[in-house]
Amino acid sequence: MSEQAIVGTNAPRVDVRDKVTGQAQYAADVRLPGMLYGKVVRCWEHAHARVKRLDLSAAAASPGVVRVLGPKDVTPKRYNSSVLDLMVSESMHDMLGDIDDQPIFTEHVKFQGDAICGIIARSEEAAERAAAKVVVEYEPLPVYLTAEAAKAPGAVQFTPEKPGNRAFQLPEAMFPNNALGGGDVEAAMREADIVVEDAFYVPKQKQCQMEPHAYVAKVDSGGRLTCWTSSQMPKLVQRKLAKLFDLPMNLVKIVPTVIGGGFGTRLGMISEPQACAMALAVPGHPVKLQTLREEDWVISPSRHPGKYWMRIGFKRDGSPLACDARFENYKGGYYLDASGTAFTAGAWLGGMYRFPALRYRGESYFTNQGLTGAYRGYGNPQTNFVLEQLIDRACAGLGADPVEWRKKWHKGVGDDGWCPGVTYPSCALDECLDRGAAAIGWTEKRRKYARQTGTLRRGVGVAVMNHTSGAMPMLLEHTACTVKLNEDATAEILFACSDMGQGSHTALKQIAAETLGFPFEHVQLSGGTSDVAGFDIGAHASRTIYVGGAAVKKACEEVRRQLCERASLQLGVPAEQLDIRDKRIFVQADPARGIDAEAITRAGVYHFVDPATGEPGGVPGQIQGYVSFFAPHNSPPFGASFAEVEVDTETGEVRVLELVNAHDIGRAINPAAVEGQLEGGIQQGLGFVLSEEICYDADGRVQNNSFTDYKMFGPEDMPKITTILVEDADPIGPFGAKSVGESGLVSPVGAVANAIFHAIGIQFTEAPITPEKVLKGIRETGVRDYGSIGGGR
Amino acid sequence: MKNRDITLHINGEEYRLNVAVNRTLLDVLRDELGMTETKYGCGTGECGACTVLVEDKAVNSCLTLAATMDGKRITTVAGLADFGRLDHIQQAFVDEAAIQCGYCTPGMVMKTASLLAQNPDPSEAEIRHALEGNICRCTGYEKIVKAVRKAAETMPGRAAAVEPCKEVVQ
Amino acid sequence: MSSRILPDFDLLLPQSIPDAVELLSAHRDRITVMAGGTDVMVAMKFAQSPAQLPDYVMSLENVPGLAYVLFDPERGLRIGAKATVADLLAQSEVKRHYRALWHAAQTFATGQVRNTATVLGNLLRASPAGDCSCAIYAIGGVVVLHGTSGRREVDIDDFWLSYGVTARRPDELAVELILPLPAAGSRSAFKRMTRTSEDLAKLNVAVRLEMSGNTCVDARLAMGCVAPTPLRLTRTEALLKGRELTAEVLQRVAASVPWEISPIDDKRSTAEYRKQVSGVLLKRAIQEACGAA
Ligand SMILES: Cc1cc2nc3c(=O)[nH]c(=O)nc-3n(C[C@H](O)[C@H](O)[C@H](O)COP(=O)(O)OP(=O)(O)OC[C@H]3O[C@@H](n4cnc5c(N)ncnc54)[C@H](O)[C@@H]3O)c2cc1C
Ligand code: FES
Ligand code: FES
């Protein structure tokens, strides 16, 4: 196949005109005739309590109210709003146990914001007014905010299924001694000349997607439930809702709306169950359920916080011997995907360096904090904060250059990736490190800043990361795709995986156009509603281009094959010797000989017998390609970040001056979109390491569920950004592409922490590294020249 | 007076409305007039998703009572394009790939319109300062800043050579 | 009720100052004045109990003639009750003569909020974190109030009584703020610390110094977020007056600040940290004022 070079260009995004004119329809923009408004009444007073009495009478009598729904007015079935249970095999299910622990409306409040009852009214305001009239009496229960508190003997049990409130630990059956890794860690540590060890705390970060969650649900006269939602996983939500409400899947229809940012928060469901329960109570009437920002904040899952301990042993020559780690994360009140991050944090650890011995233990404990679940990076920023700081601590002790050490010891082609047995097919991390170092002026600045005087101290730091391209082999990796050709040889593609704003649908269209040999403008791609689109597990695990793109490519190849076969009959040349470009099928050896694709597609659809000859014209049948695709492999991306910071030693304030993100993404299908992912990732990574954390008071009530109190980096806070796309085509990914959706935020975390270390000679074990912590550190140990620390250069 | 008769001039059209006095301009635009191009993101004046122009100034419609806007000229992002033809700001956002999920975009574009009306040739520092009231969680602001700069450069009627801006606002 | 929906109230739209005063005296503590509304709207959306909610909101929207920022080289600066922070920034004399206020206005909130928030609203909110309040405290001035018993002026030094409470009587409308003309050799500066650029201050400070050469003849120092109201650092001022601003004096001045303040832990910072950096921030503001002569 000859390249038309659509792949690799900044093809204009398919959705931007709608977005820039305000015509794009997000869920909250959906307006239907006769629409009613739902409101979920939540427990704001307590993070842990039992409902002693619920009186809905005053609310029911409030003006404009149509229905009030308590726990007894909806299905008693429980659900799990996450979707990991649909992505693992039966045997894994048995290992996880019963993880359907969420009721639609609860009588046991497990976190602040838990749903108590629902109101349906003629306006949103009427619903809110009625909500204020609901009378609930609570019996407060002890509040557990940390794993230590939740696992203490005598603590109230969140579910009988999980004794000791341990939601998850790596199961013995898959991970002997409940640990991921291999080799004899204890023996290896005894051989070590240098051991670095510390206990860290990683913060609870909020996705802060700009569109608050909103839904419309409706039951039509045929009993079919339709739900408009911006879930990242429409097909899995269809299945989940069908199961929860005991409906066959054909009676549940999901209409995906434009997604105003996801970053993991839309993985699975959030309030779809409540919205649909309301719609089922008023058949025929659409119900809109729009969350408030302050509500979205407490009900949607956030990044897993917790304690992260790690110990690494080295030989004096710098070779790593063993790594021993334990991540104990604080879940919220429900299970969701408790198995996920507890595992992946260790997986990224295992995938990074060539440790001869590794033992990682990951556990999740129920707490009365707000829910935790997927957030871009999925355990990786946590590991980066810990691992990359300890590596730099060791480098300082060993007198090793952090870039050189990483180049020597990172895993690469042929090594096991994050899952044993799935090896890295490509790795351009060395090039990332070299180009990133050159861009930031590493050698010169490392030397210059090693000895400084004055109030403002500068430092440069590096960190690396590996991530994933899809979730194979841990989770189901399945995507269906249909490509149909219209009679004028234009292509229409149906592909259920959502575009959350990354531009994935644009890039997929580029892949399709390139594969078909059609112009970009003659390809249409739509997600489709659940009743027309085929199966897809959804947009997560940075899979859309690597897996989805491969599916689209394969379906397009099928169409191409059919086109060439029909052309071959007319041209008298074997199909393998044909090529397509600009919708013209031609003989490779003799490009002048060919036939327009349109002649074939038209004849296929408008198939008549020529009255003069009695012969049919061309081959009958509309051309369609269909694939039900399972990813055969996983080609993780790598990245290196370099940060330059300036620390004000009198105030502890840290200013990030520059951030270089060099990423090995295999191949950029749409470079501008790839840059956009990396640049946006930096903003979130800087937040994780420097400014963002959800805080709770002692009673488990959130302290900062607004943009007033939770601070993200704004345009003035952002440093100078340099994005370097290292393109070394992966042998497996479509057109050589690997993933880029999550990875951009990971290594800025370690790079900034290490730059601070370089500037003032102090490491911080708790993120975010606020001025308050920096100043405390300076007051405790004093500013130290990096050059004076254990032989560092 | 719990309801009030007002006239709003929105995107060049006149609307006579009777609004409850406790309704925000954002609510009236979205719920009563169905102009959903203006977004709710926080309701507290922090995110800028609800930014509209009142006369020529960018304001947070979530913090504005519709009832106090009688007689005012209001522009939303839907008022910029000329029947399908994007204006120079919108075009710059498209060209610079400054749009990802797009939820912040209407507010960003309106903020840009008000900035350029006051300062047709903003420096990068001035652009960043001006955008502090608009949160974008997708882009890291990099391409948005470039888009605003491009919008300034492509402003219709812009003098061939505008003096580069000297004063940098911190 | 929530970030999207406001509680019930009646809207009053007086057409003149006397109208407004009449409404105020009629409804007293059941009425809230709304200028730009950037504080009032948020407070109403998140009121914890009906007791915190007004029955009436009186918008100044239709009261004419209050949106001025006027500089008179003889008498000083007059800021009308409807003048926004953006209006202040648009008046070039502010930057020249009232550097601290200009800088406070410049870093204040967001462009959208600056377009609606009034300078007087900032004073009347009586928040210890108010940026314009802090700068104005250091500069000095009087708030002009109109009530049923006529017009009166309250010195800014006597204006804030406790958290959220001012010397304004329930029947009074704040009409304008008058800042004195700066004396020759007068200079001022404002500094604040925030978590990210756009944020309420965790600490802010403003200084006004009357200098004669390198000697400080008079000083007014104000600090925010360290007490229930903006705070004058009078004891620290005394350390400056009549002194040459040597490194040693500055060191002593910085060391004195923590003894004068009583900050608390809150969402934006800790009491401990505020104490630790208060002197540094003040010292830097003094240095900036002197550098920016
Ligand atoms: C997103 C955001 C960011 C912000 N950032 C900052 C910041 O950086 N720094 C800062 O200091 N503040 C900040 N604020 C707070 C607020 O903007 C200021 O306090 C503003 O100056 C208030 O002015 P206003 O006109 O909006 O007041 P309003 O909300 O109208 O009123 C404020 C108070 O003053 C009273 N009042 C107003 N005018 C009069 C009058 N003429 N007579 C009698 N009483 C009156 C009101 O009754 C009310 O109690 C921020 C607010 C928001 C929403
Ligand atoms: S919705 Fe108005 S600023 Fe966020
Ligand atoms: S593009 Fe998504 S918030 Fe800006």
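Position numbers for residues start from 1 in each chain and track the written sequence from start to end. Just so you know, chain letters begin at A and ligand numbers begin at 1, following the order they were written in. Per-residue local features of the predicted model are confined to residues with pLDDT of at least 70, and side-chain atom pairs are confined, for both listing and counting, to 80 or more; whole-chain, interface and lining totals are unaffected and use all residues. Note that water and hydrogens are dropped before the side-chain values are worked out from all heavy atoms of the structure.

What follows is about the sheet that holds strand β22 (residues 584-587) of chain A. All names here are of chain A. Taken together, the 3 strands give an open sheet; going across it, the order is β21-β22-β23, and neighbouring strands pair in antiparallel fashion. The open sheet is flanked by β21 (578-581) and β23 (590-596), the only strands paired with a single partner. Averaged over all neighbouring strand pairs, the angle between strand axes comes to 35 degrees, with direction disregarded. Bridge count for β21 against β22 is 4 bridges, and the pairing is antiparallel. In short, DSSP must find at least two bridges between two strands for them to pair. The numbering of helices and of strands both runs from the N terminus, where a helix is a DSSP run of H or I of at least 4 residues and a strand a run of E of at least 2. Angular values range over 0 to 180 degrees, each being the angle between N-to-C directions of two axes fitted as lines to C-alpha atoms, with helices fitted over their stretch in contact.

A separate point is the interface of chain A and chain B. Contacts are assigned to residue pairs with any non-hydrogen atoms lying within 4.5 Å of each other. Taken together, the 54 residues of chain A in the interface contact 45 residues of chain B. As used here, buried area is the combined drop in accessible area, with a 1.4 Å probe, of two parts when they are placed together. Surface buried jointly by chain A and chain B totals about 4000 Å² across both partners, of which 53% is contributed by carbon and sulfur atoms. For chain A, the biggest contributors to the area lost against chain B are Val20, Met210 and Pro715 of chain A; these three give 19% of the whole. The term salt bridge refers to a pairing of a side-chain nitrogen on Lys or Arg with a carboxyl oxygen on Asp or Glu at a separation within 4 Å. Along the contact surface separating chain A from chain B lie 6 salt bridges. A salt bridge links Arg137 of chain B to Glu692 of chain A, with the nearest nitrogen and oxygen atoms 2.7 Å apart. Identification of polar contacts relies on pairs of N or O atoms within 3.5 Å, with a donor-acceptor requirement for protein atoms, meaning one able to donate a hydrogen and the other able to accept it, and with residues adjacent in sequence counted only if both atoms are side-chain atoms. Counting every contact that joins chain A to chain B gives 30 residue pairs in polar contact (both at pLDDT 80 or more). Looking at the side of chain A that touches chain B, the elements that each hand over two or more residues are α1 (16-21), α4 (124-131), α9 (293-299) and α18 (671-691) of chain A. For the side of chain A that touches chain B, the element with the most residues is α18 of chain A, which contributes 8 residues. Note that Gly is not counted as nonpolar here; it falls among the polar residues with everything else outside the nonpolar set of Ala, Val, Leu, Ile, Met, Phe, Trp, Tyr, Cys and Pro and the charged set of Asp, Glu, Lys and Arg. Looking at side-chain class alone, the side of chain A that touches chain B contains 21 nonpolar, 15 polar and 18 charged residues.

Now for the packing of aromatic side chains. Residue and element names in this part refer to chain A. Pairing of aromatic rings covers Phe, Tyr and Trp, the last counted by its six-membered ring, and requires centre-to-centre distances within 6.5 Å; plane angles under 30 degrees mean stacked, over 60 mean edge-to-face, and any other angle means tilted. For the structure on display, the rule yields 21 aromatic pairs over all chains. Geometrically, the ring pair formed by Phe200 and Phe385 is edge-to-face, given 6.0 Å between the ring centres and 80 degrees between the ring planes. Remark: Phe385 occurs in helix α11 (residues 380-398) and Phe200 occurs in strand β9 (residues 194-202); sequence separation between them is 185 residues. Residues Phe200 and Phe385 agree in their burial class; the two are buried. Their ring planes at 70 degrees and their centres at 6.2 Å tell us that Phe343 and Trp418 sit as a pair that is edge-to-face. Of the two residues, Phe343 sits in helix α10 (residues 338-352) while Trp418 sits in the loop between α12 (402-409) and α13 (429-440), which places them 75 residues apart along the sequence. In this pair, the class of Phe343 matches that of Trp418, namely buried. By the ring-pair criterion, three or more aromatic residues cluster together here, those being Phe175, Phe343, Trp348 and Trp418. The buried label applies to any residue whose accessible area, calculated with a 1.4 Å probe on protein chains only, is under 20% of its type's maximum; exposed applies above 50%, and partly exposed to all values in between.

All names here are of chain A. In this structure the tally under the stated criterion is 88 salt bridges over all chains. Lys253 is the partner of Asp531 in a salt bridge, and the nearest nitrogen-oxygen pair spans 3.8 Å. With Asp531 in the loop between β20 (523-526) and α16 (544-571) and Lys253 in strand β12 (residues 252-256), this residue pair connects regions lying 278 residues apart in the sequence. Note on Lys253: relative accessible area 19%, which makes it buried.

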